[in-house]
Amino acid sequence: MSKYDVFELVTHLRKCPDIYLEPSSLIENEGLNSIALVCDTYRIVCNDFLKKEFKKPSDFNLAYIGDNHWRAIHISIWLLSHRNFINSALIEDKLYNFWFEELSEASLYVKFKEWISDDERAEEMVRLLLDCCEIIPDGENQDEAADKLSSLSSTDRQKVLKQSYEAHERIMNIKREMAEKKAREAANTYGRE
Amino acid sequence: MHNQTEIEQTLALWRSHWKQAKLEWNPLLRLQEPIWCLSHQDAKKEGLSGSFAMIRLTDHRIVINLEEIVERGISDYAIEILAHEIGHHIFTPANLYDNAILLNRIRFALPGIEDRAPMVSNLYADFLINDKLQRINKLRMSKVYQAINSEDNFSEFWTLMMRTYEYLWRLNRGELATNLSFHSKKIDADASLLASLVRSYSKNWIHGGGRFAVMVYPYLMDDKTFQDARKKILILLDAEDAGVGAMDISGMTELDLEGYDEIIDMRKEALGLLEDEGDKSDSLGSEKNKLGGQGPKNGYMGPGNYIDLMKQVNPKADEQRLINAYYKEIALPHLIDFPVEISENVSLDLPEGLETWDIGDPIEEVDWLQSAILSPALIPGLTTQKRTYGSDSDNAISESPLNVYIGIDCSGSMMNPKQNFSWPVLAATVIGLSALRAGASVMGCLSGEPGDYLETDGFITDETDLLTTLTSYLGTGYAYGIERLRKPFEQESTKKSHIVIVTDNDIFSMLDSDTQTKQTHWELAELALKNAGGHGTMVLHSHPDYNKDFVIRLKKMGWKVYYVTNETELLKFASEFSQQNYAYV
């Protein structure tokens, strides 16, 4: 098995057990202890099970993390349980950025279940994680990896869609106004007759 | 011109792959071998130009231009191309009806540029077929595109198509969309959405056509861009004219509300901007009739739209035939039931003649005397005779339907039934077809006078001639010309007729107008009714209190006057008239 093979990581991600889809205990009392999961993942990644200090948001900021974002974090924790990431101390200080910044933005546009059910979104999460961790996927160079992430990125796509949709709407409004004007003129012609 | 030997070798190779190509879909598939054209001329004769292959849904054939295939250097992809063409026959669009439905839905999504629907429909079907063949059957569809693509093939639209395939098949950027100068974030975003659309609707493809068309709309809305893009992808359009030569496709007049609801902009969907169901306003400017359509219960598409759609299904369709089919289809639910023949037992006691008794006939039927007179030698089936009898019953009531004369005011105030739904034409169609169904003859007359008129050649029983007359348009004069009653009813006819005239208040001006003869129009109307022998009904689009004196005068002559204040009431009149006069037969 090659290291950081995107296809393999996507396959692993899509096998995410249902338990990871539960809400966070910070949102619902019966939910998963998200903080414990995050800390355990840090420990697995750096292979130091006695470590107690981890980079995580302040309690104040934790309260602002939404349900969809928490569940996306849970799913990504399952992804990080893949053996490729175990004992990879170099990525430890990159995870904060992945979980609480990049994934936070992507979660605005992707419903948590889509990370598993949709091929493209699963690949996006894998590539986003690898990108944040500055890992180049197996068989690709840096440019290819960046291009593939960019063509999958929900955040980028959303911005482009918004722009193109607004531009299209403007054109259609002009067309509609022209059609209405033409209709009014036609009505006046009949009126004159 | 390529080497003939090379073309013939390709033919042998492709023929040998035909069976395998069918197996890609179904081992039980029965489909005729393609029509192999060895030259461009042969292909043109079969109606294939611009592409290297095409399908015909009318006779379930595939046409392959082998010369083009050799020229394009795609001889090695026999299974891929043949399987693709078979896919059009058994997957999408598969048959003329589904093809028409898909086209209609795509047309909804392309307001103002509906002429591009066949191309969009072809490309959508290609996506569905190719994705299945590449991913499930593991055929080399991407290689076919790589072989076809050349740098100058590319446009923004074609780049979108190729990028969509790259998303679908997880290919690297530029593997198919080779001209990187057209790449943009916008195309990437749209291609990604299109790829998920193709996957999502692979099993219910008919429901994805509208969304697909909305996605490609911005790439095709500019005429010049479209023409440019079309020229470049002409080579791939193998199902655009799949319905050429198709006969009438019934069931297409009804408004496809389900299809309308599926006209959704996926960009809007992805942005979470979709409105509530109750507040659906189409961003593309496609105007849904607030009443939901035209015709009875506002449930039908307009005739102009229908003609446009059906001409896209079959570019060679005859416009008149289409408009006849349109009004007939809408009239059908309102016709009388087919008459049932009721036969009574009659006595057989009037000898009428003789015929040969054959071995299979009952022995007691042999007329021995007549047989002996014919020949002294009795040879069964040759010289044996039996008597035939007729009925002596003369008290059975025979009811035969009266003919009907339908006169329609086709003056300037009436709308062209080819462009706008026409209630008078529908009403005339209901009465006319009901009468024909009951066994009566019908005479139809459109009249817009002074000016012009158009009538059938007397009372006829030919449905096509009748509908062709009724659905025509004059738009001349101001009213129905009473003078038109002279030809059929100047003399008392041998067969009685009803007269139905659909007109408006202007008929009174016509009745009062100067004929420059001794006989006034009033007198002619009275004479015609008398000679017709049946009911005379003047259907007036008017309020009952208008022109009271004239109405009284008409009624005194024996004319019935039926008022309609709303054109939809014409259908009610036509149904009632048909039931009263023809349903008893």
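Everything numeric here is computed off the predicted structure, so don't read it as measured data. (Residues numbered from 1 in each chain as written. Chains lettered and ligands numbered in written order. Predicted model: local features only at pLDDT ≥ 70, side-chain atom pairs only at ≥ 80, totals over all residues.)

In terms of helices and strands, chain B carries 23 helices and eleven strands. Radius of gyration (C-alpha) of chain B: 33 Å, far over the 25 Å computed for a compact globule of 585 residues. For chain B, the residues scored as buried account for 44% of the 585 residues in total. Taking as baseline every contact in chain B between residues at least 6 positions apart, the subset at least 24 positions apart corresponds to 76%. (Helix = DSSP H or I, 4+ residues; strand = E, 2+ residues; numbered from the N terminus. Rg over C-alpha atoms; globule rule 2.2 N^0.38 Å. Buried ≥ 20, exposed ≤ 12 C-beta atoms within 10 Å, placed from the backbone. Contact = placed C-beta atoms within 7 Å.)

Scanning chain A from N- to C-terminus turns up nine helices and zero strands. When the elements of chain A are put in sequence order from the N terminus, they spell out α-α-α-α-α-α-α-α-α. Taking 193 residues into account, the globule formula puts the C-alpha radius of gyration at 16 Å, and chain A, at 23 Å, lies well above it. With respect to the three principal axes, the spread of C-alpha positions in chain A is 90 × 45 × 25 Å. Split into buried and exposed, the 193 residues of chain A put 31% on the buried side. Within chain A, contacts between residues separated by at least 24 positions form 77% of all contacts whose residues are at least 6 apart in sequence.

Further remarks concern the sheet that holds strand S3 (residues 61–65) of chain B. Residue and element names in this part refer to chain B. With respect to topology, three strands assemble into an open sheet ordered S1-S3-S2, the strand pairing being mixed. The open sheet has two free edges, formed respectively by strand S1 (35–37) and strand S2 (53–56), since each of these has just one partner strand. Averaged over neighbouring strand pairs, the angle between their axes works out to 15° when direction is ignored. Pairing between S1 and S3: three bridges, direction parallel. (Pairing = 2+ DSSP bridges. Axes fitted to C-alpha atoms, helices over the stretch in contact; angles between N-to-C directions.)

What follows deals with the nonpolar core. Inside soluble globular proteins, nonpolar side chains tend to come together where they are buried. In this structure, Ala427, Ile431 and Val500 of chain B are the most contacted members of the largest nonpolar core, which totals 157 residues. Among the elements that line this core, the one with the most residues is helix H17 (residues 423–438) of chain B, at eleven residues. The next biggest cluster of nonpolar side chains, apart from the first, holds 33 residues, and it includes Leu13, Ile73, Ile75 and Ala122 of chain A. (Core = buried A, V, L, I, M, F, W, Y, C linked by C-beta atoms within 7 Å.)

This part covers the interface of chain B and chain A. On the chain A side, the residues contacting the 17 residues of chain B number 17 residues. The set of elements that each furnish at least two residues to the side of chain B that touches chain A consists of helix H9 (185–200) and helix H13 (266–270) of chain B. By residue number, the principal contributor to the side of chain B that touches chain A is H9 of chain B, which donates six residues. Of the residues contributing to the side of chain B that touches chain A, the split by class is five nonpolar, six polar and six charged. (Nonpolar A, V, L, I, M, F, W, Y, C, P; charged D, E, K, R; others polar.)

A word on the sheet that holds strand S6 (residues 403–409) of chain B. Note on sheets: strands pair through backbone hydrogen bonds, and any given pair is parallel or antiparallel. All names here are of chain B. Pairing within the open sheet is mixed, and its six strands lie in the order S8-S7-S6-S9-S10-S11. The two strands at the open ends of the sheet, each matched to only one other strand, are strand S8 (452–455) and strand S11 (559–564). With strand direction ignored, the average angle separating the axes of adjacent strands in the sheet is 15°. Bridge analysis of S6 against strand S7 (residues 442–448) gives six bridges, and the strand direction is parallel. Each bridged residue has a counterpart across the sheet, and for Ile408 the counterpart in S7 is Leu446. Of the strands in this sheet, S6, S7 and S8 are in contact with helix H18 (residues 463–470), which crosses S7 at around 15°. Helix-sheet contacts for helix H23 (residues 569–582) involve strand S9 (497–504), strand S10 (533–541) and S11, and the interaxial angle to S11 is about 145°.

So, on to the domain arrangement of chain A. Domain boundaries in chain A define domain 1 (6–152) and domain 2 (156–193). Centre-to-centre separation of domain 1 of chain A and domain 2 of chain A, based on C-alpha positions: 44 Å. (Domains from an automatic or database assignment.)

A few words on unusual backbone geometry. For the bond from Thr92 of chain B to Pro93 of chain B, the omega torsion is 0°, close enough to zero to count as cis. If you trace the backbone, Pro93 of chain B turns up in the loop between helix H4 (78–90) and helix H5 (96–108). The phi torsion at Asn47 of chain A lies on the positive side, around 60°, for a residue other than glycine. For Asn47 of chain A, the location among the structural elements is in the loop between helix H2 (34–46) and helix H3 (59–62). Of note in the backbone geometry, Ala94 of chain B takes a positive phi value of approximately 70° without being a glycine. Considering the arrangement of structural elements, one finds Ala94 of chain B in the loop between H4 and H5. For Ala94 of chain B, a count of 18 C-beta atoms within 10 Å gives the class partly exposed.

What follows covers the packing of helix H1 (residues 4–23) of chain B against H4 of chain B. Residues and elements named next belong to chain B. It is at 9 Å that the axes of H1 and H4 come closest, and there the two elements cross at 50°. One way to sum up the angle between H1 and H4 is to call them oblique. Here H1 and H4 pass one another in a crossing that is right-handed. Mapping the contact onto sequence places Leu13, Trp14, His17, Trp18, Gln20, Ala21 and Lys22 in H1 and Ala78, Ile79, Leu82, Ala83 and Ile86 in H4. Considered class by class, the residues forming the contact of H1 with H4 number nine nonpolar, two polar and one charged. (Parallel < 35°, antiparallel > 145°, perpendicular 65-115°, else oblique. Left-handed = near helix turned anticlockwise from the far one by under 90°.)

So, on to the pairing of S9 of chain B. Residues and elements named next belong to chain B. With eight of its eight residues buried, S9 lies for the most part within the structure. Alternating residues of S9 divide into Ser497, Ile499, Ile501 and Thr503 and His498, Val500, Val502 and Asp504, and every residue in both groups is buried. Strand direction decides the pairing type here: S6 and S9, joined by six bridges, are parallel. Its bridge partner being in S9, Val404 is matched across the sheet by His498. Sheet topology places S9 next to S10; seven bridges connect them, and they run parallel. Its bridge partner lying in S10, Ile499 is registered against Gly536.

The next point concerns the pairing of S11 of chain B. All names here are of chain B. Pairing geometry for S10 and S11, over six bridges, is parallel. By the bridge assignment for S11, Met538 is matched with Val561. Handedness of the crossover is the feature at issue here: the chain leaves S10, passes through helix H22 (residues 548–557), returns alongside S11, and the resulting connection is right-handed. (Right-handed = clockwise from strand over helix to strand, strands pointing away.)

Right, let's get into H23 of chain B. Residues and elements named next belong to chain B. Taking 1.5 Å of rise per residue, the 14 residues of H23 would be expected to cover 20 Å, and the 20 Å separating its terminal C-alpha atoms lies within 8% of that figure. Within H23, burial applies to Leu570, Leu571, Phe573, Ala574, Phe577, Ser578, Asn581 and Tyr582. Along the axis of H23, the buried residues cluster in a sector spanning 160°; they form a single face. When the buried face of H23 is taken as reference, the exposed residues oriented beyond 90 degrees from it are Glu576 and Gln580. For H23, the secondary structure elements touched by its buried residues are H17, S9, S10 and S11. (Expected span 1.5 Å × (residues − 1). Arc of directions from axis to C-beta.)

The next point concerns H9 of chain B. In an α-helix there are 3.6 residues to a turn, and that puts residues three or four apart on one side. The first and last C-alpha atoms of H9 of chain B sit 23 Å apart over 16 residues, in line with the 22 Å expected at 1.5 Å per residue. Looking at H9 of chain B, one finds that the buried residues are Ile187, Asp188, Ala189, Asp190, Ala191, Ser192, Leu193, Leu194, Ala195, Leu197 and Val198 of chain B.

Under the domain assignment used here, chain B contains domain 1 (1–90), domain 2 (93–330), domain 3 (350–390) and domain 4 (403–582). A C-alpha centroid distance of 73 Å is found between domain 2 of chain B and domain 3 of chain B.

Quick look at the packing of H5 of chain B against helix H6 (residues 117–135) of chain B now. Residues and elements named next belong to chain B. The contact between H5 and H6 brings their axes to 9 Å, and the two run at 115°. The handedness of the crossing between H5 and H6 is right-handed. Contact with H5, carried on its side by Leu102, Leu103, Ile106 and Arg107, involves Ala117, Pro118, Val120 and Ser121 of H6 and no other residues of that element. Grouping the constituent residues of the contact of H5 with H6 by class yields six nonpolar, one polar and one charged.

Moving on to the confidence of the model for chain A. Counting all residues, the mean pLDDT for chain A is 90, and 95% of those residues have values of 70 or more. Helix H9 (residues 154–192) of chain A is the least confidently modelled element of chain A, averaging 78 in pLDDT, while helix H4 (residues 67–80) of chain A averages 97, the highest of any element. (pLDDT = per-residue confidence, 0-100.)

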